[in-house]
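Summary of structural features
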Amino acid sequence: DGIGCVCKQWYQRRVRAERAEGKPAIIKFPTISVCSHNKVKKSFLRKPGNELLREVYLTLDKYDLGEAEELAAKFDDPESEMANVSDITYQQLLADGSPDDSRFLMCDQRKRNCADLPVFEKEYVVREDSMTGRCWRVNPHGKLMGLMGDYGALTLRFWADIQDYSESTKDLATHGFLVAFHDNSTFGSTLSSGYLMSPGTYYKVDLRLRKEIRKPPPGGNCNASLTDTNYGAYTEGSCI
C-alpha cells in the first residue's frame, strides 16, 4: 500500500503513444509592445526654442513628487516663463520628440515582410503613448496567428540610436528597450511587465498561452465595475 506498490502499478500500466505528422498547430500570436528607454530624443530637447520643454521633461522624468509639484506651481503662475508651455500635453511632447517611426527597421515572419502578410488588412504596427513613452504596438488587433516552434516565429529589429539619448537616459549597454508580450485587448504597459533588451543584442523569446481568471469578492479581489476600457475588453484589476 506504499510508494513501492504505486510504482509497481505505474510500470505495469500499458502506455499508448501516438505521433502526429504535419505542420505545427496554429496558435494565437500575442501583441508585442516595444518601448524605447529614450522617451524623448536629445536632438529634440536641444533644439532652439525647446529649452523650457527640456526643463519640463527632465524634471518629470525624475519621478520626484516634490519637484513635480514645484513645476506645477510654475505652470499656474502667469509671471513664470513656464506658463508659456503649460498647455502642451504629455502626448504632444511624445508625438514631437519621441524616436521616429523609422527606428523600427524590420518585421518578418517566415522571410515575408509583415506588410505583405494578408492577415494584416489595416496595419501591423501602431504607435501607442504610455508611461514608458511612445511605444510600437506590433500585431495591434491580434490578427496574426503563430505556429508552434520556430516555424511561425516573428522577427523584429529596432535601432536604439543611443547617440540621440537624452540626458535622463544613461548611455549604457543595458538601456535599450522594454518589451512586453500580451493579449491584443490589454494595455501595452511595459513599465511593470516588460523585459529589458539591450542594444546590439539578439534575443529569442519562446511563449506559451496562459489563461487568467479573476473573480469578484468574496472568492476573489477583482473590481467588477471596471468595464469601460480603451480596448473594450480589459483593464488592470477588472474581472476577466
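An account of the accompanying structure is given in this report. None of these values were measured; they are calculated from a predicted model. (Residues numbered from 1 in each chain as written. Predicted model: local features only at pLDDT ≥ 70, side-chain atom pairs only at ≥ 80, totals over all residues. Heavy atoms only, no water.)

**Quick look at the sheet that holds strand 10 (residues 195-197)**
The condition is simple: Only when DSSP finds a minimum of two bridges between them are two strands counted as paired. The way it works is that DSSP assigns letters per residue, a run of H or I at least four long becomes a helix, a run of E at least two long becomes a strand, and they are numbered from the N terminus. Axis lines are fitted to C-alpha atoms, over the contacting stretch for helices. Their N-to-C directions set the angle, which ranges from 0 to 180 degrees.
Taken in spatial order, the 5 strands of this open sheet run 5-6-2-9-10, and their pairing is antiparallel. What marks the edges here is a single partner per strand, and that holds for strand 5 (125-130) and strand 10. Strand-to-strand twist of the sheet, defined as the mean angle between neighbouring strand axes without regard to direction, takes the value 30 degrees.

**Observations regarding the pairing of strand 5**
For strand 5 and strand 6 (residues 133-138), the ladder comprises 6 bridges, and the chain directions are antiparallel. Each bridged residue has a counterpart across the sheet, and for Asp-129 the counterpart in strand 6 is Arg-134. Hairpin connection, strand 5 to strand 6: the antiparallel pair is bridged by 2 residues.

**Observations concerning the pattern of salt bridges**
The condition is simple: Salt bridge, as used here, is a side-chain nitrogen of Lys or Arg placed within 4 Å of a carboxyl oxygen of Asp or Glu. Remark: exposure states derive from per-residue accessible area (1.4 Å probe, protein chains only) relative to the maximum for the residue type, with buried under 20%, exposed over 50%, and partly exposed in between.
In the structure shown here, the tally under the stated rule is 7 salt bridges. In this structure, Asp-101 engages Arg-127 in a salt bridge whose closest nitrogen and oxygen atoms are separated by 2.5 Å. In this pair, Asp-101 sits in the loop between helix 5 (90-97) and strand 3 (104-109) while Arg-127 sits in strand 5, placing the two residues 26 residues apart along the sequence. On the basis of relative accessible area, Arg-127 is assigned to the buried category, the value being 18%. A salt bridge links Glu-128 to Arg-137; the shortest N-O distance between them is 3.4 Å. Where salt bridges share partners, they join Lys-41, Asp-100, Arg-103 and Asp-161 into one cluster.

**So, the state of the cysteines**
Put plainly, two cysteines are in a disulfide when a covalent bond ties their sulfur atoms together. We count it as follows: By convention in this document, the label disulfide applies to cysteine sulfur atom pairs within 2.5 Å.
Scanning the model with the defined rule gives 2 disulfides in all. A sulfur-sulfur separation of 1.9 Å characterises the disulfide bridge that pairs Cys-35 with Cys-135. Judged by the sign of its S-S torsion, about 105 degrees, the cystine formed by Cys-35 and Cys-135 is right-handed. Highlighted residues: Cys-35 in strand 2 (residues 31-36) and Cys-135 in strand 6, separated in sequence by 100 residues. Taken individually, Cys-35 and Cys-135 each receive the classification buried, so the pair is uniform in this respect. Disulfide pairing is shown between Cys-107 and Cys-114; the S-S distance is 2.0 Å. Torsion about the S-S bond of the Cys-107 and Cys-114 cystine: about -65 degrees, corresponding to left-handed handedness. Cys-114 matches Cys-107 in its accessibility class, with the two residues each being buried.

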